[in-house]
Amino acid sequence: MKSGETKASSGGTLREVLTSDVPASLVVFLVAVPLCMGIALASGAPIMSGLIAGVVGGLVVGLFGGAPLLVSGPAAGLAVMVFGFITELGFAVTCAAVAAAGVIQMALGGLKVARSALAISPAVIHGMLAGIGILIALSQLHIVLGGAPQSNAWKNLGELPRQIADLHGPATILGLITIGLLVLWQVMPKSPLKKVPGPLVAVMGATVVSVVWGADVKKVELAGDFFSSLQLPSLPQGNWGPFVVAVLSLALVASAESLLSAVATDKMHTGPRANLDRELFAQGMANTVSGLAGGLPITGVIVRSAANISAGAKTRASAVMHGVWMLVCITTLASLLGLVPLTVLAGLLVFVGVKLVNAAHIKELRRRGELSVYLVTVAGVVGINLLAGIALGLALAVARLLWRLGRVRVHVRQAGDIHHVRVDGALTFVGVPKLSAELARVPMGAEVKLDLAVETLDHSGYEALESWSETHRKTGGKVWMEPLEDIWLHKGGGSRSPAPSITPASPPSPSLTTEGAR
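Residues numbered from 1 in each chain as written. Predicted model: local features only at pLDDT ≥ 70, side-chain atom pairs only at ≥ 80, totals over all residues. Heavy atoms only, no water.

*Asks:* Where do I start with the pairing of strand β5 (residues 447-457) in this structure?
*Replies:* Within a regular beta strand, the side chains point alternately toward one face of the sheet and then the other, so they alternate between its two faces. Strand direction decides the pairing type here: strand β4 (residues 418-427) and β5, joined by 10 bridges, are parallel. Opposite H420, over in β5, you have K449 as the bridge partner. In this region the chain leaves β4, passes through helix α20 (residues 432-439) and returns to the parallel neighbour β5; the handedness of that crossover is right-handed. Note on the crossover from β5 through helix α21 (residues 459-474) to strand β6 (residues 478-480): the handedness is right-handed. (Pairing = 2+ DSSP bridges. Helix = DSSP H or I, 4+ residues; strand = E, 2+ residues; numbered from the N terminus. Right-handed = clockwise from strand over helix to strand, strands pointing away.)

Structure below.
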């Protein structure tokens, strides 16, 4: 078993829970609290809404989810989207959209279509997260510098020089201390001290400095305790178009992010694999509850899940207990959370945003030839908006797929009385017109040796070859080729065995047929 891996199960003995899951739950709780507050800040929502989402994610998804070691809560990947919806619709209506998105997720989970969500190109998902990370870092950097974020990326960039020239001393120093501690904790050599979560060290350290210093900076404001902060959502008053867009967008993005996180979590342990349909249904339950309670949208979060597994979690009890600890904290220690300066949370978010631009993902996508999809998605998310970026990325991914499917190469040459035709690449419906045009160059009645070295053959390509060979034979010609049924079996029927190809220079052999597909 690799380092950091653990055997996951849906249940466990009391000894496992006490020795493994309780300590792991405390680690995740300490990571989650500052992140939940920071994500609420980046979303333009009440700080308590992020904490509510953290509690609901831990309790609901922890109890009913299909990935036992996955930890759920508010995610930075949705912060920019939620900020836009709150600005346009208001917080109460956005909560209603979160609840409705949860219902859609439950329906999708019930229909068992979770695997279909994984069909979305990873380049689009990684590009979306990177674009969101850039937007979060740009906006929160203004708070670190003591100012206020602007409405879009271009304005944030344009305002940076003026903001840097007019620094607000205490706020800037506290924000930079937070970022410095996070960077230091990441590069620090392994030691027992490093087991303490970096976000906790940074937030607590900078908060202690602000208290000792007596810095005059804006701090977290919690409107009452957990239960008094619960509020019912409200439906839009006639503005249904943007509301429907919000519901569908939240359902799509939250589902994709949760399922990808579940798949990534599976790679970190050797226990039972995630039940993705069950996980999607549980995520929907959690979003419905969170939206009805006045909380932010919830997804599976890979950072918290990785912390959970590396801390030794063995069962779902860890995720559930982290939600319990959060509930206890915000109902009994809310006054302590009110000591945290907003600039400290902003510094945490700048670090999180930069981390979303993952260099390992960029390197892998470049190796696979999908970097263009990633970059277009990032540019769309940053330069236009989140939905436009996703749409542009998906459009380019589909265009690349069609181009690859249509990348058929047909070479026709004559050697003596025989016309040699070699077809390679992907012979699909997209490439049939090109194939037909090249085959039309072969004179009627000619002898043809057809060499099919295709990587892929779909039904349209099969029909085109069969039709042409039969027509050519009926007009007095001869076609030498291997039976199409054999090629279809290997290249169109799912067999992994490579189809034999015929060397154009070799003479016709008895194993070949002039009957086309017969």
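*Asks:* Can you help me understand the environment of L342 in this one?
*Replies:* Among the structural elements, L342 can be located in helix α16 (residues 342-355). The sequence separation of L342 and L174 amounts to 168 residues, and the corresponding C-alpha distance is 9.6 Å. When residues no more than four places from it in sequence are discounted, the contact partners of L342 are L41, I143, K218, K219 and V220. (Contact = heavy atoms within 4.5 Å.)

*Asks:* Would you mind showing me how to read the packing of helix α18 (residues 371-383) against helix α19 (residues 386-405) here?
*Replies:* Packed helices, taken two at a time, are described by the angle their axes make and the gap between the axes. It is the contact of α18 with α19, at a shortest axis distance of 7 Å, that shows an interaxial angle of 160°. The pairing of α18 with α19 is recorded here as roughly antiparallel in orientation. For the crossing formed where α18 meets α19, the hand is right-handed. Across from S372, V373, V376, T377, G380 and V381 in α18, the residues of α19 making contact are L386, G389, I390, L392, G393, L396, A397 and R400. A class-by-class count of the residues in the contact of α18 with α19 yields 8 nonpolar, 5 polar and 1 charged. (Axes fitted to C-alpha atoms, helices over the stretch in contact; angles between N-to-C directions. Parallel < 35°, antiparallel > 145°, perpendicular 65-115°, else oblique. Left-handed = near helix turned anticlockwise from the far one by under 90°. Nonpolar A, V, L, I, M, F, W, Y, C, P; charged D, E, K, R; others polar.)

*Asks:* Sorry if this is basic, but what is going on with the pattern of salt bridges here?
*Replies:* Pairing of side chains with opposite charge becomes possible as their charged atoms draw close. Taken as a whole and judged by the stated rule, the model has 6 salt bridges. Of the charged contacts, one joins D451 and R422 as a salt bridge, the two residues approaching to 2.6 Å between their closest N and O atoms. Here D451, found in strand β5, pairs with R422, found in strand β4; they are 29 residues apart in sequence, far enough to count as distant. With a relative accessible area of 28%, R422 lands in the partly exposed category. One connected set of salt bridges, linked through shared partners, spans R409, R422, D424 and D451. (Salt bridge = Lys/Arg side-chain N within 4 Å of Asp/Glu carboxyl O. Buried < 20%, exposed > 50% of the residue type's maximum accessible area, 1.4 Å probe, protein only.)

Function-wise, these values are silent; they only describe arrangement.
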